[in-house]
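# Inside the fold
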Amino acid sequence: MSAPRTAKIIDGKGFAEGMRTRIGAAAARLKADYGLTPGLAVILVGEDPASVIYTRNKGRAAEAAGFASSNHRYNYRLPADTGEVALLDLIRRLNEDGSVHGILVQLPLPDHIDPHRVITAIDPAKDVDGFHLLNVGRLATGFKDGLVPCTPQGCIMLLKHALDDLTGLNALVLGRSNIVGKPMARLLLGENCTVTMAHSRTRDLAEECRQADILIVAVGRPRMVKGDWIKPGATVIDVGINRITAGDGKTWLVGDVDFDEAVKVAGHITPVPGGVGPMTIACLLRNTLIAAARQAGLPAPEI
Ligand code: GUN
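Just so it is clear, the model here is predicted, and its values are computed rather than measured.

Procedures and definitions
Residues numbered from 1 in each chain as written. Predicted model: local features only at pLDDT ≥ 70, side-chain atom pairs only at ≥ 80, totals over all residues. Heavy atoms only, no water. Helix = DSSP H or I, 4+ residues; strand = E, 2+ residues; numbered from the N terminus. Buried < 20%, exposed > 50% of the residue type's maximum accessible area, 1.4 Å probe, protein only. Expected span 1.5 Å × (residues − 1). 1 Å grid on protein atoms, 1.4 Å probe; cavity = no way out; pocket = protein on both sides within 12 Å on 5 of 7 lines; lining within 4 Å. Points joined across faces, edges and corners; volume = space filled by probe spheres on them. Nonpolar A, V, L, I, M, F, W, Y, C, P; charged D, E, K, R; others polar. Contact = heavy atoms within 4.5 Å. Pairing = 2+ DSSP bridges. Axes fitted to C-alpha atoms, helices over the stretch in contact; angles between N-to-C directions.

Before going further, it helps to examine the environment of Ile237. Structurally, the position occupied by Ile237 is in strand E8 (residues 235-238). Overall, Ile237 belongs to the buried group, its relative accessible area being 0%.

If you want it as structure tokens, here you go:
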């Protein structure tokens, strides 16, 4: 019998902390050299508990990097019954505000607001989520001057950190959302991977996954991907953050991958928590820094 494998754990938390330190230093240089303070406006409509935490963390991280953000003027918590017109009006004002370089509208929005109309109202230069059609198109066509969605960007950074060169590897993206799956596939193509997109209607999903050297899972289903879905030695990036409740009422976070099984098969794997999640925020700060520099006509700092 062969010895049980144990995957190397990809430390997203540590990687993101290093990025945040470098971003803070770059922001301090922008301030000292050009009097420029990056500004990030974070908008939340409604009270979704997870979104309340995510937006609070984003604002605080921006402040910690020396940006203007979670103070009152840049942090918008709007009631759930806010009308679309009022939200579009706020975005128009933020588009025109020279001290705001990044605008983030937390998704999902309440049902009565059309997310496409809201996202396309954001100035593409301030679209630090990379969701505006112009930035989606830039990524799809390989233009380098767009803003790239934060979670897939973070996944690519972790993959390159773990594997260095991704050329020629078979990558499977499980999940086809606009926030993660689709931009993820485009970034992997840009790294010369052979990319397969899989989703809930894919036939024999487990067998498809077993072909992948790189497996990115973003489906929002706790522990769906089992150990025997994974090719031995593969790199597994788990984007899922699912809160589950035990019989005694205790709650904790698990990913979309069954970590305890997968860690015995994979070559590298991200944990949950401490894997992809911290990278999303670090990449949001990076995008805000890039957006601020570009809007001031300066070269974007390398982070
Ligand atoms: N909801 C879940 N992920 C994201 C994200 O990356 N950006 C925004 N704006 N909303 C989200």
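This part covers helix H10 (residues 276-295). For H10, spanning 20 residues, the distance from its first C-alpha to its last is 28 Å, which sits close to the expected 28 Å at 1.5 Å a residue. Counted residue by residue, H10 has 16 buried out of 20 residues, so it is predominantly covered. Gly297 sits one or two residues past H10 and shows a positive phi near 75°.

Let's shift gears to the layout of surface pockets. Of the pockets and cavities examined, the largest pocket occupies roughly 1500 Å³. Around the largest pocket sit 49 residues that line it, and Tyr54, Thr151, Val239, Ile241 and Thr280 are the ones nearest its centre. At eight residues, helix H2 (residues 49-64) tops the list of elements feeding residues into the lining of the largest pocket. Of the residues that constitute the lining of the largest pocket, the class distribution is 28 nonpolar, twelve polar and nine charged. By volume, the second largest pocket amounts to about 710 Å³. Around the second largest pocket sit 28 residues that line it, and Lys144, Val148, Gln153, Leu187 and Arg286 are the ones nearest its centre. Of the residues contributing to the lining of the second largest pocket, the split by class is 13 nonpolar, six polar and nine charged.

So, on to the environment of Thr6. Here Thr6 lies in the segment before strand E1 (8-9). Given a relative accessible area of 66%, Thr6 falls into the exposed group. In this structure, the C-alpha to C-alpha distance between Thr6 and Pro108, residues 102 residues apart in sequence, is 37 Å. Sequence-distant contacts of Thr6, that is, excluding residues within four places in its chain, are made with Val263 and Ala266.

The next thing to look at is the sheet that holds strand E7 (residues 214-217). Overall, parallel pairing links the six strands, which are arranged E1-E11-E8-E7-E5-E6 in an open sheet. A single partner strand is all that each edge strand has here, and the edge strands are E1 and strand E6 (194-198). Pairing of strand E5 (residues 170-174) with E6, which is carried by five bridges, proceeds in the parallel orientation. Bridge assignment links Ala171 to a residue of E6, and that residue is Val195. Strand contacts of helix H6 (residues 150-163): E7, E8 and strand E11 (268-269), with the helix running at about 155° to E8, the strand carrying the most contacts.

The values are spatial; any link to function lies outside them.
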